[in-house]
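# Descriptive analysis of the structure
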Amino acid sequence: MTETPAPPDGPAGAETPVLRRTPVRKRLVPYWLLLPGILWLLVFFAAPLVYQASTSVQTGSLEEGFKVTWHFATYWDALGEYWPQFVRSMAYAGVATVLCLVLGYPLAYLIAFKAGRWRNVVMILVIAPFFTSFLIRTLAWKTILADGGPVVGVLNSLHVLDVTSWLGITEGHRVLATPLAVVCGLTYNFLPFMVLPLYTSLERIDPRLHEAAGDLYARPSTTFRRVTFPLSMPGVVAGTLLTFIPAAGDYINAELLGSTDQKMIGNVIQSQFLRVLDYPTAAALSFILMAAILAMVTLYIRKSGTEDLV
């Protein structure tokens, strides 16, 4: 006679679940999917970063060649000579980021809550500048802010340039080749990078929260301060980062809209790489800029308390 297996413990008719181990091949599938991205980062990010690090500690000349001598003094020399450009870059990028937030938040709020059926049209208008070259967009601002253009004429007639000249952001009765022109170019070119994260964050807010605040007799300003803005903080943090980081390293706007007095650190790095051909100094400046931005971003994310981005 054959033995029948004992009935499982528990209620009658209940079956004991059988635990099956996932095959090794299936467990490795996610890693295989990540492999192309990892290889891409290794080849086009990690390897160039290591090469730049080795370049920054080299000495020599283009004629004699450069050799790795672990000359870390290049960092101190570069920072001591070009610290004004570093400070100017951070200041321009910071002002442009604040302006993008001030201009972009109402626009994102309008798209998320008030645009209705026109939402897609407004979004297309926001994204449309990306279909044009960054260089062409900046050259367009050079035409808009030309000395004989209508914008400068209106500002002169309203005596606005007298005030901005007194503040030191313009010179005389012109806007081009001044800090104002560079900041305007940065603000325009990076405004979509602020609007899109803000819209994404605002669009996820449940409208019933606004209705609940109204039912509790909260004013619109109170609702915005206590409900809307705190819930949109992930978008604010993401937008400011996406705006500040590329703006701090930009050199096109300062090159086309500014003068030698408005050069940013990106202009110095570009000149050291392509004109002066001082590769160690250029590499050292690049690493200093990257380290400074990384430190500021880390501190900003921690202080903002936005867990979605950590």
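Scroll up to find the structure.
First, a word on what this report is: a plain description of the structure on this page. Source: prediction; values computed, not measured.

Conventions and cut-offs
Residues numbered from 1 in each chain as written. Predicted model: local features only at pLDDT ≥ 70, side-chain atom pairs only at ≥ 80, totals over all residues. Heavy atoms only, no water. Axes fitted to C-alpha atoms, helices over the stretch in contact; angles between N-to-C directions. Helix = DSSP H or I, 4+ residues; strand = E, 2+ residues; numbered from the N terminus. Parallel < 35°, antiparallel > 145°, perpendicular 65-115°, else oblique. Contact = heavy atoms within 4.5 Å. Phe/Tyr/Trp six-rings, centres within 6.5 Å; stacked < 30°, edge-to-face > 60°. Buried < 20%, exposed > 50% of the residue type's maximum accessible area, 1.4 Å probe, protein only. Disulfide = S-S within 2.5 Å. Core = buried A, V, L, I, M, F, W, Y, C linked by side-chain atoms within 4.5 Å. Bend = angle between axes of the 7 residues up to and from the residue. Left-handed = near helix turned anticlockwise from the far one by under 90°. Pairing = 2+ DSSP bridges. Salt bridge = Lys/Arg side-chain N within 4 Å of Asp/Glu carboxyl O. Polar contact = N/O pair within 3.5 Å; in protein donor to acceptor, adjacent residues only side chain to side chain.

### Some points on the packing of helix α4 (residues 119-127) against helix α8 (residues 179-203)
- At a minimum axis separation of 10 Å, α4 and α8 run at an interaxial angle of 150°. As the angle between them shows, α4 and α8 are arranged roughly antiparallel. Together, Arg 119, Met 123, Val 126 and Ile 127 of α4 and Pro 192, Val 195, Leu 196, Tyr 199 and Glu 203 of α8 make up the contact between the two elements.

### Points about the packing of aromatic side chains
- Throughout the structure, instances matching the rule amount to 12 aromatic pairs.
- Taking 5.3 Å as the distance between ring centres and 85° as the angle between the ring planes, the aromatic pair formed by Phe 130 and Phe 193 counts as edge-to-face. Of the two residues, Phe 130 sits in the loop between α4 and α5 (134-144) while Phe 193 sits in helix α8, which places them 63 residues apart along the sequence.
- The exposure class of Phe 130 is partly exposed, given its relative accessible area of 35%.

### Side note on the state of the cysteines
- The tally for this structure, following the rule as stated, stands at 0 disulfides.
- Cysteine Cys 100 shares no disulfide, and the gap to the nearest cysteine sulfur, in Cys 184, comes to 11 Å.

### Here we look at unusual backbone geometry
- Its identity as a non-glycine residue notwithstanding, His 159 has a phi of 60°, on the positive side.
- Tracing the sequence through the fold places His 159 in the loop between α6 (150-157) and α7 (160-167).
- One non-glycine residue, Tyr 217, lies in the positive phi region at around 65°.
- Inspection of the secondary structure assignment puts Tyr 217 in the loop between α9 (207-215) and α10 (220-231).

### Examining the nonpolar core
- In this structure, Leu 186, Ile 265, Leu 285 and Leu 289 are the most contacted members of the largest nonpolar core, which totals 27 residues.
- Counting residues per element, the ones that place at least two in this core are α3 (73-114), α8, α11 (233-248), α13 (265-274) and α14 (279-304).
- When residues in this core are grouped by element, the largest group, 7 residues, is from α3.
- In this structure Leu 285 touches Ala 78, Tyr 82, Phe 86, Ile 265, Val 268, Ile 269 and Gln 272, once residues within four positions along its chain are discounted.
- Residues Cys 100, Ala 108, Leu 202 and Val 236 belong to the second largest nonpolar core, which totals 14 residues.

### Comments concerning α3
- The principal kink in α3, of about 70°, is found at Tyr 82, preceding the proline Pro 84 by one to four residues.
- One or two positions beyond α3, positive phi appears at Gly 116, with a value near 65°.

### Some words on the environment of Pro 246
- Here Pro 246 shows up in helix α11.
- Remark: the alpha-carbon pair of Pro 246 and Asn 120, spanning 126 residues in sequence, is separated by 27 Å.
- Setting aside residues up to four positions removed in sequence, Pro 246 forms contacts with Phe 190 and Leu 241.

### Some remarks on the packing of α11 against α14
- Running from N to C, α11 and α14 cross one another at 165°; their axes reach a closest spacing of 11 Å. The angle between the axes of α11 and α14 places the two elements in the roughly antiparallel class. Crossing geometry of α11 relative to α14 is assigned as right-handed. Contact residues: α11 offers Val 236, Val 237, Thr 240, Leu 241, Phe 244, Ile 245 and Ala 248, while α14 offers Leu 289, Ile 293, Met 296, Val 297, Tyr 300, Ile 301 and Ser 304.

### Thoughts on the pairing of strand β1 (residues 58-61)
- Pairing of β1 with strand β2 (residues 65-68) involves 4 bridges; the strand directions are antiparallel. Paired with Thr 59 across the two strands is Lys 67, which belongs to β2.

### Overview of the pattern of salt bridges
- Under the definition given, this model contains 4 salt bridges.
- One salt bridge connects Asp 147 with Arg 174, and the closest N-O pair in it is separated by 3.1 Å. Taken together, the residues span a long stretch of sequence, with Asp 147 in the loop between α5 and α6 and Arg 174 in the loop between α7 and α8 at a distance of 27 residues.
- A salt bridge links Glu 255 to Arg 275; the shortest N-O distance between them is 3.9 Å. Taken as a pair, Glu 255 in helix α12 (residues 252-257) and Arg 275 in the loop between α13 and α14 lie far apart in primary sequence, 20 residues in all.
- Glu 255 gets classed as partly exposed once you look at its relative accessible area, which sits at 32%.

### Comments concerning the side chain of Thr 170
- Topologically, Thr 170 is positioned in the loop between α7 and α8.
- A polar atom in the side chain of Thr 170 sits 2.7 Å from the side chain of Thr 164.
- Reaching out from Thr 170, the side chain makes a polar contact with the backbone nitrogen of Ser 165 at a distance of 3.0 Å.
- Here Thr 170 is in contact with Leu 161, Thr 164, Ser 165, Thr 178 and Leu 180, once residues within four sequence places are set aside.

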